[in-house]
Amino acid sequence: SNPQTLQLNDDDEIIQMDRVRKIIADAMVNSKHTSPHVTSFIETDVTNVVTWRNANKNSYQKRDGEKLTFMPIFIRAVVKAIQDFPMINVSVDGDKIIKKKNINIGMATALPDGNLIVPVIKNADQLSLSGLAKAINDLAYRARNKKLTPADTQGATYTISNVGTFGNLMGTPIIPQPQVAILAVGAIVKKPAVIETEFGDVIAIRQKMFMSHSYDHRVVDGSLGGMFLKHVNDYLENWDLHTEI
């Protein structure tokens, strides 16, 4: 709204947006204007993932001097789902769909100044779990310390945002153009859950996490958007406890 119509009280403070915030604001409006957004949700049992990480994080830190977060696991699951559904890894150019050969995963990172930046893991499909962990930690460290190069934030073909970091259960993320989809992963919470066993249903304590997948309904229909999310879910739920890192 223009200043004439905005009612200001004497003690209201006027803050000029910085350059980055202006760019973010324009990008968000542009994305909503460009893409009809749809968001699908799924609640995932990540008990195996949590158990595996707890079993491996200390030895990994000792051996490689690196933190083992959940992000490499999430990215691994997303990469496999993209390989199952390559039409998620596309961009739109007028009435043409550009199918991307490379799988470059952006990870939305909040900066200390409150702004948002999205460093990119190039060719994430070609990295081992350990390679992903190292790339993620390096990019996150350089993002927080303002050491990213322009190339570090370019060329993403799919993006993941971890809203669980803020203790949020789920979100409806906005697609970073010219990508056509983005995944938000929520906080991991211990919950009583119904498990089907050969002796009937039982209630057990499980680690649960909501995921929300926003996609561009011009080119991604509900079936594709939904099946993709289900595959990410399945890769996480069936995480092998013997996975090597």
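Model, not experiment: these values are computed from the prediction.

1. Focus: the overall build of the protein
Right, so step 1: The helix and strand inventory of the protein stands at five helices and 10 strands.
Right, so step 2: Relative to the compact-globule value of 18 Å for 245 residues, the protein shows a C-alpha radius of gyration of 20 Å, a close match.
Right, so step 3: Overall size of the protein, expressed as C-alpha extent along the three principal axes, is 70 × 40 × 40 Å.
Right, so step 4: The proportion of buried residues among the 245 residues of the protein is 41%.
Right, so step 5: Considering only contacts within the protein whose residues lie at least 6 apart along the sequence, 64% involve residues at least 24 apart.
Right, so step 6: In the protein, 27 side chains carry a positive charge and 26 a negative one; their mean positions are 6 Å apart.

2. A look at the packing of helix α2 (residues 47-64) against helix α4 (residues 129-144)
The packing of two helices is summarised by the inter-axis angle and the distance between the axes.
Right, so step 1: The geometry of α2 relative to α4 is characterised by a closest axis approach of 13 Å and an angle of 70° between their N-to-C directions. Taken together, the axes of α2 and α4 are roughly perpendicular relative to one another. Within the contact between the two elements, α2 uses W52, Y60, R63 and D64 and α4 uses L129, S130, A133 and K134.
Right, so step 2: A class-by-class count of the residues in the contact of α2 with α4 yields four nonpolar, one polar and three charged.

3. Description of the packing of helix α3 (residues 71-84) against α4
Right, so step 1: Contact pair α3 / α4: the axes reach a minimum separation of 9 Å and the direction vectors enclose 120°. By the angle class used here, α3 and α4 are oblique. Seen from above, α3 lies across α4 with right-handed handedness. For the pair α3 and α4, contact is made by M71, P72, I73, I75 and R76 and by L129, L132, A133 and I136, respectively.

4. Observations regarding the environment of I97
Right, so step 1: For I97, the position within the fold is in strand β3 (residues 96-99).
Right, so step 2: Of the residues examined, I97 reaches a relative accessible area of 45% and is grouped as partly exposed.
Right, so step 3: It is 22 Å that separates the C-alpha atoms of I97 and V120, two residues lying 23 residues apart in sequence.
Right, so step 4: Ignoring sequence-local partners within four residues, the contact set of I97 consists of M87, V90, S91 and V219.

5. Notes on a nonpolar patch on the surface
Right, so step 1: Together, L6, L8 and I14 line one region of the surface with nonpolar side chains, adding up to about 330 Å² of accessible area.
Right, so step 2: Of note, L8 is situated in the segment before α1 (19-34).

6. Concerning the side chain of R53
Right, so step 1: Among the secondary structure elements, R53 is positioned in helix α2.
Right, so step 2: Among buried Asp, Glu, Lys and Arg side chains, R53 stands out as unpaired, with E66 the closest opposite charge at 12 Å.
Right, so step 3: Excluding residues within four positions of it along the chain, R53 makes contact with L68, T69 and F70.

7. Notes on α1
Right, so step 1: Compared with the 22 Å implied by 1.5 Å per residue over 16 residues, the 22 Å span of α1 between its first and last C-alpha is a close match.
Right, so step 2: At the N-terminal boundary of α1, the capping side chain belongs to D18, with an oxygen 3.3 Å from the backbone nitrogen of V20.

8. A short note on the pattern of salt bridges
Right, so step 1: All told, the structure shown has 10 salt bridges when counted by the stated rule.
Right, so step 2: D113 is paired through a salt bridge with K146; the nearest N and O atoms lie 3.8 Å apart. Separated by 33 residues along the polypeptide, D113 in the loop between β4 (105-110) and β5 (116-117) and K146 in the loop between α4 and β7 (158-162) bring together distant segments of the chain.
Right, so step 3: Accessibility expressed as a relative area gives 46% for D113, which makes it partly exposed.
Right, so step 4: Residues D216 and R218 are paired through a salt bridge, measuring 2.7 Å at the closest nitrogen-oxygen approach.

9. What to know about the packing of aromatic side chains
Right, so step 1: Following the criterion strictly, the structure yields three aromatic pairs and no others.
Right, so step 2: Between W52 and W239 the ring centres are 5.5 Å apart and the planes differ by 70°, which places this aromatic pair in the edge-to-face class. In this pair, W52 sits in helix α2 while W239 sits in the segment after α5 (222-237), placing the two residues 187 residues apart along the sequence. Residue W52 shares its accessibility class with W239, and that shared class is buried.
Right, so step 3: Pairing F70 with F74 gives two aromatic rings, centres 6.1 Å apart and planes at 20°, and the pair type is stacked.
Right, so step 4: The lysine or arginine in question, R53, covers the ring of F70, its NZ or CZ lying 4.5 Å from the ring centre.

10. Some details on the environment of K191
Right, so step 1: The residue K191 is located in strand β9 (residues 189-197) in this model.
Right, so step 2: A sequence separation of 16 residues divides K191 from Q207, and the C-alpha atoms of the two residues are 6.3 Å apart.
Right, so step 3: In contact with K191, not counting residues within four places along its chain, are E43, A204, I205, R206, K208 and F210.

Scoring rules and cut-offs
Residues numbered from 1 in each chain as written. Predicted model: local features only at pLDDT ≥ 70, side-chain atom pairs only at ≥ 80, totals over all residues. Heavy atoms only, no water. Helix = DSSP H or I, 4+ residues; strand = E, 2+ residues; numbered from the N terminus. Rg over C-alpha atoms; globule rule 2.2 N^0.38 Å. Buried < 20%, exposed > 50% of the residue type's maximum accessible area, 1.4 Å probe, protein only. Contact = heavy atoms within 4.5 Å. Lys, Arg positive; Asp, Glu negative; His and termini not counted. Charge placed at Lys NZ, Arg CZ, Asp CG, Glu CD. Axes fitted to C-alpha atoms, helices over the stretch in contact; angles between N-to-C directions. Parallel < 35°, antiparallel > 145°, perpendicular 65-115°, else oblique. Nonpolar A, V, L, I, M, F, W, Y, C, P; charged D, E, K, R; others polar. Left-handed = near helix turned anticlockwise from the far one by under 90°. Patch = residues over 30% accessible without salt bridge, like charges linked within 9 Å, V, L, I, M, F, W, Y side chains within 5 Å. Areas by Shrake-Rupley, 256 points an atom, 1.4 Å probe, with all protein chains shown as cover. Salt bridge = Lys/Arg side-chain N within 4 Å of Asp/Glu carboxyl O. Expected span 1.5 Å × (residues − 1). Polar contact = N/O pair within 3.5 Å; in protein donor to acceptor, adjacent residues only side chain to side chain. Phe/Tyr/Trp six-rings, centres within 6.5 Å; stacked < 30°, edge-to-face > 60°. Lys NZ or Arg CZ within 6 Å of the ring centre and 35° of its normal.

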